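Notes for the structure review
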Amino acid sequence: MQQWLKERREAAARAAQLRICRKCKEPVLVGVDADMCALTVQIDPTPITEVGEAVALMEGRGTYDLLAGKGRREIHHRAEWNIRAARRGPVFAAHRCHRPMTDHLDTTHTHRPANPGTDTDTPPY
Ligand SMILES: [Zn+2]
């Protein structure tokens with residue numbers, strides 16, 4: 001097999017894909033959680049706050065980063081050192097049927113701040 005074709009196949013296997021959970025019919029992101037020794041995981045497609053991550057871990061759920069790869073998004077398991085460090089982007093919890101983490105949604109990645117040009121109450125210094 002040619003090298004470029006092998007790399008394409010590996011990239012496609014590593015890319016997160018939006019699917020529907022077979023049990024509860026909710027949308028999930030599915031992918032392998034590492035480049036080597038990986039597990040296939042399903043994660044909720046909505047990012048969670050830091051408190052939400054603590055709740056997820058207390059419930060025994062894994063947490064994951066969704067990082068940009070070569071033209072794709074990859075799921076990366078968050079190990080202890082990742083959790084202690086500053087976040088690299090939105091964080092997602094492992095999917096559990098009928099248990100969405102709606103109380104801990106991180107909206108910083110979905111809501112843009114107000115346009116500073118329209119704010120006339122705040123002085124410019
Ligand atoms: Zn489900």
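Here, every reference points to the structure presented above.
Residues numbered from 1 in each chain as written. Predicted model: local features only at pLDDT ≥ 70, side-chain atom pairs only at ≥ 80, totals over all residues.

**Observations regarding the overall build of the chain**
Looking only at helices and strands, the chain features three helices and six strands. Helices and strands in the chain line up, N terminus first, as α-β-β-β-α-β-β-α-β. Expressed as a percentage of the 125 residues in the chain, the buried residues total 22%. For the chain, long-range pairs separated by at least 24 residues make up 58% of all intrachain contacts whose partners lie at least 6 apart in sequence. (Helix = DSSP H or I, 4+ residues; strand = E, 2+ residues; numbered from the N terminus. Buried ≥ 20, exposed ≤ 12 C-beta atoms within 10 Å, placed from the backbone. Contact = placed C-beta atoms within 7 Å.)

**Observations regarding the sheet that holds strand S1 (residues 17-20)**
The strands that make up a sheet are held in pairs by hydrogen bonds between backbone atoms, and each pair lies either parallel or antiparallel. With antiparallel pairing, the three strands of this open sheet are ordered in space as S1-S2-S3. Either end of the sheet is taken by a strand with one partner, and the two such strands are S1 and strand S3 (40-43). Put simply, the sheet's adjacent strands are angled 35° from each other on average, direction ignored. Strand direction decides the pairing type here: strand S2 (residues 27-32) and S3, joined by four bridges, are antiparallel. The partner of Leu 29 across the bridge, within S3, is Ile 43. (Pairing = 2+ DSSP bridges. Axes fitted to C-alpha atoms, helices over the stretch in contact; angles between N-to-C directions.)

**Some points on unusual backbone geometry**
Phi is positive for Lys 25, close to 70°, though the residue is something other than glycine. Examined against the element boundaries, Lys 25 turns out to sit in the loop between S1 and S2. Of note in the backbone geometry, His 98 takes a positive phi value of approximately 60° without being a glycine. Within the element layout of this structure, His 98 appears in the segment after strand S6 (91-93). Here His 98 falls in the exposed class, since 8 other C-beta atoms lie within 10 Å of it.

**Concerning the environment of His 77**
Within the fold, His 77 resides in strand S5 (residues 73-77). Put simply, His 77 and Val 32 are 45 residues apart on the chain and 9.0 Å apart in space, counted from C-alpha to C-alpha. Leave out the neighbours within four places in its chain, and His 77 touches Asp 33, Ala 34, Gly 62 and Tyr 64.

**Description of the sheet that holds S6**
Pairing is antiparallel across the open sheet formed by three strands, whose spatial order is S5-S4-S6. At either end of the open sheet lies a strand with only one pairing partner, and these are S5 and S6. Between one strand axis and the next, the sheet turns through 40° on average, direction left out of account. Where strand S4 (residues 63-68) and S6 come together, three bridges link them in antiparallel fashion.

**Concerning helix H2 (residues 50-58)**
Taken together, the buried positions of H2 are Gly 52, Glu 53 and Ala 56. One side of H2 carries all its buried residues, which in axial view fall inside an arc of 100°. Those residues of H2 that are exposed and angled more than 90 degrees off the buried face are Glu 50, Val 51 and Met 58. (Arc of directions from axis to C-beta.)

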